[in-house]
Number of protein chains: 2
Amino acid sequence: MEQVFSYEQLYEFTRKVFLRIGCTESYAAIAADSLLSADMRGIDSHGIARLSGYVRLWEVKRVNASPHIRIVHETPSTAVVDGDRGLGLVVAPFAMQVAIDKARQVGSGWVSVKNSNHFGIAGHHAMMALEHDMIGMAMTNASALVAPTFSIERMLGTNPICVAVPAGEEPAFVADLATTTAANGKLEILQRKNLKASAGWIQDKNGNASNDPHELKKGGALLPLGGDREHGSHKGYALGAIVDIFSALLSGANYGPWVPPFPAYVPIPEGMPGEGIGHFLGAMRVDAFRPAGEFKENMDRWIKRFRSAKVAPGHEKVLIPGDPEREAEADRKVNGVPLIYSVVEDMKQLGEKLGVEPPVAGIL
Amino acid sequence: MEQVFSYEQLYEFTRKVFLRIGCTESYAAIAADSLLSADMRGIDSHGIARLSGYVRLWEVKRVNASPHIRIVHETPSTAVVDGDRGLGLVVAPFAMQVAIDKARQVGSGWVSVKNSNHFGIAGHHAMMALEHDMIGMAMTNASALVAPTFSIERMLGTNPICVAVPAGEEPAFVADLATTTAANGKLEILQRKNLKASAGWIQDKNGNASNDPHELKKGGALLPLGGDREHGSHKGYALGAIVDIFSALLSGANYGPWVPPFPAYVPIPEGMPGEGIGHFLGAMRVDAFRPAGEFKENMDRWIKRFRSAKVAPGHEKVLIPGDPEREAEADRKVNGVPLIYSVVEDMKQLGEKLGVEPPVAGIL
C-alpha cells in the first residue's frame, strides 16, 4: 500500500527535521533539496526513506548539523574540502560549487572531499554544472558491501559515478550508476516482494553465486558490475576502486573496508586511516574546449541518433542515460511521490520524536 | 605455433616500418614505443599484430605519417589538440604531454583530441603521468561494434578507459578496461581456437544472446559491460557513451556510428560530423590535493589491504588492477614476446613490401 505526497509536503517536513537537529536555515534547505531529488528522480532508496537514518547518525554524534565546511588545500584547478563531519547533502553542493567556480576561472575544477557523510544521489550534485554549460561529475565512496573479483571479503562500497552533460534542444545526458551489477536498493525491493535476485548480483559468504536477496545479512557480498570474471567483474571492481581513490585517497577520507557505515547502530571500523567518507566532484566548462553552441548542437545530434538506433524485438525504444529519471521527475511533479507504508510510518515516528508535524497523504 | 622475439628486435622492425612510410625519426620512435607497449603488457590484439593495419591506413591516405599536431584551443587547465590525421600512437603522447604540462602549472590538465587515428593501448598514455607523481587518464572512441541496451544497431566502439595512479613502495594501480563485457580481441582468440563465447559477450543481428564468436561478421554486435539490462548493461552503455562524449564531442572528432573504422578496406561512414577519431587524456598532480608522500603511503596501504582480502575458494589471490599486465611485462622483458604464426607471416610480408628486414625468431 502506497500513499502519495506532494513534493512541497515532503520538502517542508524534511526541511523542518533538518532545522530541528540544528541545521541553519540555509543548510536545512540545501539538505532537503539534495535528499528529495532522489525521490523526485525515482531513486526511492536514497531519498526520504533515509531521513531517519541521517537523524540517527546525528544522534550518535557522527553528523555535525552545523559544520564549518572549508577548503583546506587548493591549486587553480583543484581543491580538497573538509566537510567537518557535516551532512554529505550539504557538503557535496559546497564542493561542487568550488569545482564550478574553478572551472569558470581556469576551464575545469576538481574537488576531493574528506570528513563527510552520505551525500544522497550523485546525480543531484553533478547536475549543478548543467546550467553553467559545464559537464558535471560526482562520485562518492561508501561503506564496504562489495567483494572484489576472486574475493569473499567486502572491500568497496557501491561507489557511484555520475556524469552530467548539457545538450541544446534535447534534455541533458545524465549517467548516474553504481559500480555494482545491482544497487543495494534493488535487493531491498526483492526482499519486500519475496523475489529472487538475478545471477551476478550477489554471492554468499563462501563466494558462491546466490539468488537470495537476504545474502548480505548472512555474510555475503554485492558483486562488482560484470558479476564474475568471465563477464567482466574485474572492470566493475576497477571502477569502484577508482571512485574510492579519487574520493578518499586524494582527500584524506577513509577508504576500502574502513569507510564508516550509514546505519548508526553499526560500529565504526577499527584503525581508520582517514576522516569520514569521501566524495569527488568535477566540472569542465564546455567552452574551455569548443564554442558551447557547437558542442550542444553535436550533443543534440548524438542524442537523436542514439534515440533512433534500431530497437531489438520486444523492446520499445533505446534510452539515453537520464531518460528514466527525468520521466519519473516529470510524473512526480504532477502526480506526487508515492511512499510505501514503512516509510510513511518512519516519517510519523520521526515527526513525533522531533516535534515536526508529518504530512498527510493525498492532499496534492 | 608461436615464435619468440626480443623486444629490441620488434622495436627495430617497427621503428623502421614507421620510418619507411614517412615518419620522422622522433615520431617513428614514439609510435614504435606506443605500439609495442601492448605486446609487452600481454595485450597481443593491440600491438605488432596491428602494424600492417596502420600501414594500410597510410596506403589509403587515411593516416598522415608526418602530421603537424597542434593545440587549437586552450585554457589554463584544458586544450583541444588537432592530430592532423596522424597516427594515434604519436598524437596521444603529444596530447598527454600537454595534459601533464598543464597539471604542473594549475594542478590538472584535460585534453580532448580530434582528427586522430587508433592510439594502441590506453594504458601506455595514461602511465606517462606516473613518473611525475600524477594520476593519468586516457580514453578513446573507436568504430562502432557495440549495441546499446535494447538495440540491435552498432553505435559505440569498445571505448576503453584507463586510470593510472602512482603508489609508493607498491607498483602503480593501472586500470585499463574496454567498456564492453569482453574486448573484440578475446573473440578473435575464440575464433582461432574454435571455442564458444560466454553468455553476455555478444548478440546476433536480431538481438538474441549468442555464443558464436563469428557473430560480428553476421551483423551481430558486442555487448556493453553488464551484457543485458538485468545485469547492468545500461551502465556499460553509459560508460562507453561518456568516453565518446569526452573524446569526440568536446574535440570535434567523429562519434557514435560515424567513427571511421580501423580496417582500411571498410568504407568510411557517410555524413561524418567531425574529423577523425577522438581521444581524451588527463593528468592530475597528486600534490595538488595533498602531499605526494602522504598520498603514496595511503595508496600502499590501500593496495596491501586489497591484496590481502580474503580469497574465494578455487582462486589464488585478489589482484590489483594492472597486476597481470605488469607480470606479463616482467616476463616478456626476460623471455621475449611470443607471436602467433599469422602475425609472424604478416611481419614478413610487410617487411618485403617496405624493404625492411623482418626479425628472426629465437635469437634473444
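Not measured: the values here are computed from a predicted model.

This brings us to the overall build of chain A. Along its length, chain A carries 10 helices and 12 strands. Taking 21 Å as the expected radius of gyration for a compact globule of 364 residues, we find that chain A reaches 20 Å, a close match to that expectation. Overall size of chain A, expressed as C-alpha extent along the three principal axes, is 55 × 50 × 50 Å. Taking all contacts inside chain A whose residues are at least 6 apart in sequence as the whole, residues at least 24 apart take part in 64%.

Spanning 16 residues, helix α8 (residues 292–307) of chain B covers 22 Å between terminal C-alpha atoms, matching the ideal 22 Å at 1.5 Å per step. Buried residues of α8(B): Phe295(B), Lys296(B), Asn298(B), Met299(B), Trp302(B), Ile303(B) and Phe306(B), and no others. With its buried residues spanning 160 degrees around the axis, α8(B) presents them on a single face. Looking at the buried residues of α8(B), the elements they touch are α7 (233–249) of chain A together with β6 (161–165) and β7 (173–177) of chain B.

Before going further, it helps to examine the relation of the copies chain B and chain A. Overlaying chain B with chain A gives an RMSD of 0.0 Å, the required rotation being 180 degrees about an axis along which the chain moves by 0.0 Å. Expressed as a symmetry operation, the mapping of one chain copy onto the other fits a two-fold axis. Closest to the rotation axis within chain B is the C-alpha of Gly226(B), separated from it by 2.4 Å. A share of 100% of the interface residues of chain B reappears at the interface of chain A, consistent with the copies meeting face to face through the same patch.

Here we come to the packing of helix α1 (residues 7–20) of chain B against helix α2 (residues 25–40) of chain B. All names here are of chain B. Where α1 meets α2, the closest approach of the two axes is 8 Å, and the angle between their N-to-C directions is 135 degrees. It follows from the interaxial angle that α1 and α2 lie oblique. Along this stretch, α1 crosses α2, giving a crossing that reads as right-handed. Residues Tyr-7, Leu-10, Tyr-11, Thr-14, Arg-15, Phe-18 and Leu-19 of α1 form the contact with α2, whose participating residues are Tyr-27, Ala-28, Ala-29, Ala-31, Ala-32, Leu-35, Leu-36, Asp-39 and Met-40. Across the contact of α1 with α2, the residue classes break down as 13 nonpolar, one polar and two charged.

This paragraph deals with the interface of chain B and chain A. Across the contact, 66 residues belong to chain B and 66 residues belong to chain A. Per-element accounting of the side of chain B that touches chain A gives the leading share, seven residues, to α8(B).

Quite often, the size of an interface is put as the accessible area lost when its parts meet. Residue and element names in this part refer to chain A. Once the domains are mapped, chain A shows domain 1 (1–66 + 333–364), domain 2 (67–177 + 226–324) and domain 3 (182–222). Each of domain 1 and domain 2 was reduced to a C-alpha centroid, and the two centroids are 23 Å apart. At the interface, 21 residues of domain 1 touch 18 residues of domain 2. Contributing elements (two or more residues each) for the side of domain 1 that touches domain 2: α2 (25–40) and α3 (51–59). Counting residues per element, the side of domain 1 that touches domain 2 draws most heavily on α2, which supplies seven residues. Here the side of domain 1 that touches domain 2 is composed, by residue class, of 10 nonpolar, seven polar and four charged.

Moving on, we get to the nonpolar core. Generally speaking, a soluble globular protein has its nonpolar side chains buried in company with each other. Formed by 248 residues in total, the largest nonpolar core has its most connected members in Ala31(A), Ala95(A), Ala31(B) and Ala95(B). What Ala95(B) contacts, discounting residues up to four positions off in sequence, is Val81(B), Val111(B), Val113(B), His279(B) and Leu281(B).

All names here are of chain B. Between its terminal C-alpha atoms α2 stretches 22 Å, which fits the 22 Å expected from 16 residues at 1.5 Å a residue. Most of α2 sits out of view: 12 of its 16 residues are buried. All of the buried residues in α2 are Tyr-27, Ala-28, Ile-30, Ala-31, Ala-32, Ser-34, Leu-35, Leu-36, Ser-37, Ala-38, Asp-39 and Met-40. Where α2 is buried, its residues touch α1, α3 (51–59), α4 (88–106), α5 (122–126), α9 (323–335) and β12 (337–340).

With that settled, consider the sheet that holds strand β9 (residues 209–210) of chain A. An order of β9-β8-β10 (chain A) is seen for the three strands of this open sheet, with the pairing classed as antiparallel. At either margin of the open sheet sits one strand with a lone partner, and together these are β9 and β10 (221–222) of chain A.

On to the confidence of the model for chain A. With 99% of its residues at a pLDDT of 70 or more, chain A has an overall mean of 96. Model confidence for the complex: the whole-complex pTM is 0.98, and ipTM, which rates the interface, is 0.98.

What follows is about the environment of Gly107(A). Residue placement: Gly107(A) occurs in the loop between α4 (88–106) and β4 (108–116). We classify Gly107(A) as buried; it has 27 C-beta atoms within 10 Å. Along the chain, Gly107(A) and Trp302(A) lie 195 residues apart, while their C-alpha atoms are 23 Å from each other. When neighbours within four sequence positions are excluded, Gly107(A) is seen to be in contact with Arg285(A), Ala288(A), Thr75(B), Pro76(B), Ser77(B) and Thr78(B).

This part covers the sheet that holds strand β5 (residues 134–140) of chain B. Residues and elements named next belong to chain B. With mixed pairing, the seven strands of this open sheet are ordered in space as β2-β3-β4-β11-β5-β6-β7. Every interior strand has two partners, whereas the edge strands, β2 (70–74) and β7, have only one. Going across the sheet, the axis of each strand differs from the next one's by a mean of 15 degrees, ignoring polarity. Sheet topology places β6 next to β7; five bridges connect them, and they run antiparallel. Note on β7: the bridge partner recorded for Val-163 is Ala-175. Together, β2, β3 (78–82), β4 (108–116), β5 and β11 (277–285) form the strand contacts of α4, whose direction differs from that of β4 by roughly 160 degrees.

This paragraph deals with the pairing of strand β3 (residues 78–82) of chain A. Residue and element names in this part refer to chain A. Where burial is concerned, most of β3 is hidden: five out of the five residues are buried. Examined bridge by bridge, strand β2 (residues 70–74) and β3 share four bridges and lie antiparallel to one another. Residue pairing across strands places His-73 opposite Val-80, the latter belonging to β3. Turn length for the β2-β3 hairpin, with the two strands adjacent in sequence and antiparallel, is three residues. Relative to β4, β3 runs parallel, the two sharing five bridges. Paired with Asp-82 across the strands is Lys-114, a residue of β4. Read from β3 through α4 to β4, the crossover connection turns out right-handed.

Rules of the game
Residues numbered from 1 in each chain as written. Chains lettered and ligands numbered in written order. Predicted model: local features only at pLDDT ≥ 70, side-chain atom pairs only at ≥ 80, totals over all residues. Helix = DSSP H or I, 4+ residues; strand = E, 2+ residues; numbered from the N terminus. Rg over C-alpha atoms; globule rule 2.2 N^0.38 Å. Contact = placed C-beta atoms within 7 Å. Expected span 1.5 Å × (residues − 1). Buried ≥ 20, exposed ≤ 12 C-beta atoms within 10 Å, placed from the backbone. Arc of directions from axis to C-beta. Least-squares fit on C-alpha atoms with pLDDT ≥ 70 in both. Axes fitted to C-alpha atoms, helices over the stretch in contact; angles between N-to-C directions. Parallel < 35°, antiparallel > 145°, perpendicular 65-115°, else oblique. Left-handed = near helix turned anticlockwise from the far one by under 90°. Nonpolar A, V, L, I, M, F, W, Y, C, P; charged D, E, K, R; others polar. Domains from an automatic or database assignment. Core = buried A, V, L, I, M, F, W, Y, C linked by C-beta atoms within 7 Å. Pairing = 2+ DSSP bridges. pLDDT = per-residue confidence, 0-100. Right-handed = clockwise from strand over helix to strand, strands pointing away.

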